[in-house]
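Descriptive analysis of the structure
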Amino acid sequence: MRKKVVAGNWKCNTTVAEGVELAKAVNELVAKEGAEDVVVVLGTPFTHITSVVDAVDNGRIGVASQNCAAEPKGAFTGEVSAAMVKSTGAGYVILGHSERREYYGETSETLNKKLALALENGLTPIYCCGEALEIREAGTQKEFVINQLEETIFQLSVEDFKKIVIAYEPIWAIGTGKTATTGQAQEMHKDIRDAIAAKFGAEVADETSILYGGSCNARNASDLFSNPDVDGGLIGGASLKAPDFLAIINAY
Ligand code: PEP
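Quick summary incoming for the structure in this document. It should be emphasised that the depicted structure is a prediction, and the values quoted were computed from it without experimental measurement.

1. Brief notes about the site of the ligand
As a matter of local geometry, the ligand sits amid 14 residues, with Lys11, His97, Glu169, Gly175 and Ser215 nearest to it. Within the backbone of glycine 236, one N or O atom sits 2.8 Å away from an oxygen atom of the ligand. In the model, an oxygen atom of the ligand is placed 2.9 Å from a nitrogen or oxygen of the glycine 237 main chain. Relative to its unbound accessible surface of 290 Å², the ligand loses 95% to contact with the protein.

Rendered as structure tokens:
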């Protein structure tokens, strides 16, 4: 049975003190009222990870970095390696977010290096894919997204692929308040699962968690999560408010 996952992506928000406060609030709400069958992950800035790991029940809440370096170590000023992330106590790393692809020029080639290092260091990649508005309007979103997967995570061995969580995030829905309809989300998630089945077999496809991301919030999460191929969400803005994030965790 594949896992249901709700992961927050705090992006470049909160000071360490604010982040710890938020993490503690989420921790308390999840302990009291959180759906037990949902894996909860907090994607914090690098600077916050150790403090957030210390602030939450690590058996219940996972912590993710939002990136890692494409090199294992060395003279790469400002970079944070996968080994460093692992040493903070984080268990996950968000890779391939559209903001990283767009603003920091991340390509499939860079992402393959990051994926390899994340996996070597025992981190679970939450691998993002998704199309821009022009591609959706041209109707070529399926080809575009499957190509993103073929160039990256479909290159992995089946053993490594099984460790990946996928997040489908249509770029036109991220931070815009414009959510994919339940039909659009289900269609793409099914296309992704079919492509996984064709590449790695039906059993692997059935076990892969595919999250939806893009203006998912406390009001629309239950509709989105009612789709058979939507296994949770990667949540930006709404993960910054503990009660909203809890409502999404409990939206199944
Ligand atoms: C994201 O950045 O991963 C995201 C889904 O953001 P938002 O929920 O704010 O659209």
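2. Points about unusual backbone geometry
It is generally the case that most residues other than glycine have a negative phi and that most peptide bonds are trans. Phi at lysine 11 takes a positive value of approximately 55°, unusual for a residue other than glycine. In this fold, lysine 11 is placed in the loop between β1 (4–9) and α1 (16–33). By relative accessible area, which is 21% here, lysine 11 ends up partly exposed. The backbone phi angle of serine 215 is positive, close to 55°, even though this residue is not glycine.

3. Concerning empty space enclosed by the protein
Per the counting criterion, the structure on display carries one cavity of 30 Å³ or more. Those elements giving two or more residues to the lining of the largest cavity turn out to be α4 (98–103) and β5 (124–129). Split into classes, the residues belonging to the lining of the largest cavity amount to three nonpolar, four polar and two charged.

4. Thoughts on the packing of aromatic side chains
Under the defined criterion, the tally for this structure stands at six aromatic pairs. A ring pair is formed by phenylalanine 225 and tyrosine 252, whose centres lie 4.9 Å apart and whose planes are at 25°; its orientation type is stacked. Here the residue phenylalanine 225 occupies a position in helix α11 (residues 221–225), and tyrosine 252 occupies one in the segment after α12 (242–249), the gap between them amounting to 27 residues. On the accessibility criterion, tyrosine 252 (35% relative accessible area) is partly exposed. What links up through ring pairs into an aromatic cluster is the set Phe154, Phe161 and Phe200. For arginine 100, the ring lying beneath its charged end belongs to tyrosine 104, and the centroid distance is 4.2 Å. The ring of phenylalanine 200 carries the charged tip of lysine 199 above its face, separated from the ring centre by 5.8 Å.

5. Re the packing of α1 against α12
Relative orientation of the contacting elements α1 and α12 amounts to 40°, with a least axis distance of 9 Å. Relative to α12, α1 is oriented oblique. Between α1 and α12 the crossing geometry is right-handed. Where α1 abuts α12, its residues Leu22, Ala25, Val26, Leu29, Val30 and Glu33 lie against Ala242, Pro243, Phe245, Leu246 and Ile249. Of the residues in the contact of α1 with α12, the class split is 10 nonpolar, no polar and one charged.

6. Let's talk about the nonpolar core
Grouped together as the largest cluster of nonpolar side chains are 66 residues, with contacts concentrated most on Ile153, Ile192 and Ile196. For this core, the element with the most residues is helix α9 (residues 182–200), which contributes six residues. Each residue touching isoleucine 192, except ones within four places of it in the same chain, is listed here: Cys129, Val145, Ile146, Leu149, Ile166, Tyr168 and Ile210. Listed in part, the 12 residues of the second largest apolar core include Val41, Ile94, Leu211 and Leu234.

7. Considering the pattern of salt bridges
By the definition in use, this model includes 15 salt bridges. Residue lysine 11 pairs with glutamate 99 through a salt bridge whose shortest N-O separation is 2.8 Å. Placement of the pair is lysine 11 in the loop between β1 and α1 and glutamate 99 in helix α4, with a sequence separation of 88 residues. Aspartate 160 is the salt-bridge partner of lysine 163, the closest N and O atoms lying 3.1 Å from each other. Assessed through its relative accessible area of 43%, lysine 163 is described here as partly exposed. Residue classification places aspartate 160 among the partly exposed residues on the basis of a relative accessible area of 24%. Taken together, the salt bridges that share partners define one network made up of Arg2, Arg193, Asp206, Asp229 and Asp231.

Calculation criteria
- Within each chain, residue numbers correspond to sequence positions counted from 1 in written order.
- Per-residue local features of the predicted model are confined to residues with pLDDT of at least 70, and side-chain atom pairs are confined, for both listing and counting, to 80 or more; whole-chain, interface and lining totals are unaffected and use all residues.
- For side-chain calculations, the full set of non-hydrogen atoms in the structure is used, while hydrogens and water are omitted.
- Each residue is tested against the molecule or strand, and it is near if at least one of its non-hydrogen atoms lies within 4 Å.
- N or O atoms within 3.5 Å of each other form a polar contact, as long as, within protein, one can give a hydrogen and the other can take it, and as long as residues adjacent in sequence are counted only when both atoms are side-chain atoms.
- Per-residue accessibility takes into account occlusion by the displayed protein chains alone, with areas from the Shrake-Rupley method and a 1.4 Å probe.
- Helix and strand definitions here come from DSSP, where helices need a minimum of 4 consecutive H or I residues and strands a minimum of 2 consecutive E residues; each element is numbered from the N-terminal end.
- Using a 1.4 Å probe on the protein chains alone, a residue whose accessible area is under 20% of its type maximum counts as buried, one over 50% counts as exposed, and one in between counts as partly exposed.
- Here a cavity denotes a set of grid points, spaced 1 Å apart and computed over the protein atoms alone, in which a 1.4 Å probe fits but from which it cannot get out, and a pocket denotes an open set meeting protein on both sides within 12 Å along at least five of seven lines; residues with an atom within 4 Å of a point are reported as lining.
- Grid points are joined across faces, edges and corners, and a volume is the space filled by probe spheres set on the points.
- In this classification, Asp, Glu, Lys and Arg are treated as charged, Ala, Val, Leu, Ile, Met, Phe, Trp, Tyr, Cys and Pro as nonpolar, and every other residue, Gly included, as polar.
- Only rings of Phe, Tyr and Trp enter the pairing, Trp through its six-membered ring, and a pair is recorded when the two centres are within 6.5 Å. The plane angle decides the type: under 30 degrees is stacked, over 60 is edge-to-face, the rest tilted.
- Here, a charge over a ring means that NZ of Lys or CZ of Arg falls within 6 Å of the ring centre while also lying within 35 degrees of the ring normal.
- To define axes, lines are fitted to C-alpha atoms, for helices over the stretch in contact only, and angles between the resulting N-to-C directions are given on a 0 to 180 degree scale.
- These descriptions rest on fixed angle ranges, namely under 35 degrees for roughly parallel, over 145 for roughly antiparallel, 65 to 115 for roughly perpendicular, and the rest for oblique.
- Crossing handedness follows the turn of the near helix against the far one: under a right angle anticlockwise gives a left-handed crossing, and clockwise gives a right-handed one.
- Contacts: residue pairs with any heavy atoms within 4.5 Å of one another.
- Take the buried Ala, Val, Leu, Ile, Met, Phe, Trp, Tyr and Cys residues and link them wherever side-chain atoms come within 4.5 Å; each set so joined is a nonpolar core.
- Any carboxyl oxygen of Asp or Glu that lies within 4 Å of a side-chain nitrogen of Lys or Arg is treated as forming a salt bridge with it.

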